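Tertiary structure, described
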Amino acid sequence: MAGRRSGPPPKNPDERLRRNADPFVTGDGWTEIDPTPHDGDIPEIPEWITVGPTGRAIYEHLATLPQARLYGPGTWFQLWVTLPLIERYLSRPGSENYKAVTSTLGAALRLTEDDLARARVRIKPVLDEDDEDAPTAGARVVSYAEERRARLLKGA
């Protein structure tokens, strides 16, 4: 498949042990998107796509996902063409229809967390301001090794 990287999806840079910087990628190479629902322009379904109310409801739901901000004309087209297939699966569930839907949508819509990670896209975390464990600006993080070293030196 074009545009899809082989192998497991990469870890979020915050979860990596090694923090080597890639000289060819600015920042950490990931695109962060706002976690709020997409409320931008949503293209209308063309009249040549036969879709019922269920398909329209699914389209409206998928168009409000945060990752819909990244959809281009080709992604919208693939979604339009897939809507009748999704409706068919919902009216007659079966493994063949399910395989057709999932393989057609695939990684193009970036619906799963793995698909987002393969595309190097992440949704910004929402931090509660009341959360005591949330990092504060200017706070220094002390590793357990430094803390233990300090305790050992006090006792020596």
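Each chain carries its own residue numbering, running from 1 in the written order of its sequence. It should be noted that, the model being predicted, local features are given only for residues of pLDDT at least 70 and side-chain atom pairs only at 80 or more, the latter also being counted only at that level, while totals for whole chains, interfaces and linings use all residues. Excluding hydrogens and water, the side-chain values take into account all heavy atoms of the structure.

Moving on, we get to the overall build of the protein chain. Secondary structure elements follow DSSP: runs of H or I no shorter than four residues count as helices, runs of E no shorter than two count as strands, and numbering proceeds from the N terminus. Along the backbone of the protein chain there are 5 helices and 2 strands. When the helices and strands of the protein chain are listed from N to C terminus, the series reads β-α-α-α-α-β-α. The cut-offs for exposure are 20% and 50% of the maximum accessible area for each residue type, with area from a 1.4 Å probe on protein chains only; residues under the lower value are buried, those over the upper are exposed, and the others partly exposed. For the protein chain, buried positions account for 25% of its 156 residues. Any two residues whose heavy atoms approach within 4.5 Å are treated as being in contact. When contacts within the protein chain are restricted to residue pairs at least 6 apart in sequence, long-range pairs at least 24 apart make up 70% of them. Areas reported as accessible are Shrake-Rupley estimates using a 1.4 Å probe. Residue values count occlusion only from the protein chains shown. Approximately 11700 Å² of the protein chain is accessible, and the part contributed by carbon and sulfur atoms is 54%.

To count toward a patch, a residue needs a relative accessible area above 30% and no salt bridge. Like charges then connect within 9 Å, nonpolar side chains (Val, Leu, Ile, Met, Phe, Trp, Tyr) within 5 Å. We define a salt bridge as a side-chain nitrogen of Lys or Arg found within 4 Å of a carboxyl oxygen belonging to Asp or Glu. A cluster of nonpolar side chains, namely Trp48, Phe77 and Val81, defines an oily patch on the protein surface of about 320 Å² accessible area. Taking relative accessible area as the criterion, tryptophan 48 reaches 54% and is therefore assigned exposed.

Turning next to the nonpolar core. Definition of nonpolar core: a set of buried residues of the types Ala, Val, Leu, Ile, Met, Phe, Trp, Tyr and Cys, connected through side-chain atoms within 4.5 Å. Core analysis: the largest hydrophobic core is formed by 19 residues, its most contacted members being Ile45, Tyr59, Trp76, Leu79 and Leu83. For this core, the elements supplying multiple residues, two or more each, are helix H1 (53-63), helix H2 (73-91) and helix H3 (95-105). Among residues more than four places away in sequence, those in contact with tyrosine 59 are Ile42, Pro43, Ile45, Trp76, Leu79, Trp80 and Leu83.

Residue placement: isoleucine 45 occurs in the loop between strand E1 (31-33) and H1. Spatially, the C-alpha atom of isoleucine 45 lies 6.4 Å from that of tryptophan 80, the residues being 35 residues apart in sequence. Setting aside residues no more than four positions away along its own chain, isoleucine 45 makes contact with Val51, Arg56, Tyr59, Trp80 and Leu83.

This part is about the packing of H2 against H3. Lines are fitted to the C-alpha atoms to define the axes, a helix being fitted only along its stretch in contact, and any angle between axes, read from their N-to-C directions, falls within 0 to 180 degrees. Contact geometry of H2 with H3 gives a least axis separation of 9 Å together with a crossing angle of 165°. Regarding the angle of H2 to H3, the classification is roughly antiparallel. The two elements H2 and H3 cross, and the hand of that crossing is left-handed. For the pair H2 and H3, contact is made by Gln78, Leu79, Thr82, Leu85, Ile86, Arg88 and Tyr89 and by Asn97, Tyr98, Ala100, Val101, Thr104 and Leu105, respectively. Grouping the amino acids of the contact of H2 with H3 by side-chain chemistry returns 8 nonpolar, 4 polar and 1 charged. Should an angle fall under 35 degrees it is called roughly parallel, over 145 degrees roughly antiparallel, and 65 to 115 degrees roughly perpendicular, with every other angle called oblique. Crossing handedness is read from the near helix: turned anticlockwise from the far helix by less than a right angle, it gives a left-handed crossing, and turned clockwise, a right-handed one. Gly is put with the polar residues, along with every residue not named as nonpolar or charged; the nonpolar set is Ala, Val, Leu, Ile, Met, Phe, Trp, Tyr, Cys and Pro, and the charged set is Asp, Glu, Lys and Arg.

Right, let's talk about the pattern of salt bridges for a bit. Counting across every chain of the model gives 4 salt bridges. With its nearest N and O atoms 2.8 Å apart, the salt bridge here joins arginine 122 to glutamate 32. Residue arginine 122 is found in strand E2 (residues 121-123), and its partner glutamate 32 is found in strand E1; the two are separated by 90 residues along the sequence. A relative accessible area of 12% means that arginine 122 is categorised as buried. On the accessibility criterion, glutamate 32 (36% relative accessible area) is partly exposed. Measuring nitrogen to oxygen at the nearest pair gives 3.4 Å for the salt bridge that ties glutamate 96 to lysine 99. Taken as a pair, glutamate 96 and lysine 99 lie in helix H3 at a separation of 3 residues, close to a single helical turn.

Here the focus is the confidence of the model for the protein chain. Scored between 0 and 100, pLDDT is the confidence that the predictor attaches to each residue. Summing up the model confidence of the protein chain, the mean pLDDT is 79 and the portion of residues at 70 or higher is 77%. Confidence drops under pLDDT 50 across residues 22-26; counting only partners more than four residues distant or on other chains, this segment forms 0 contacts.

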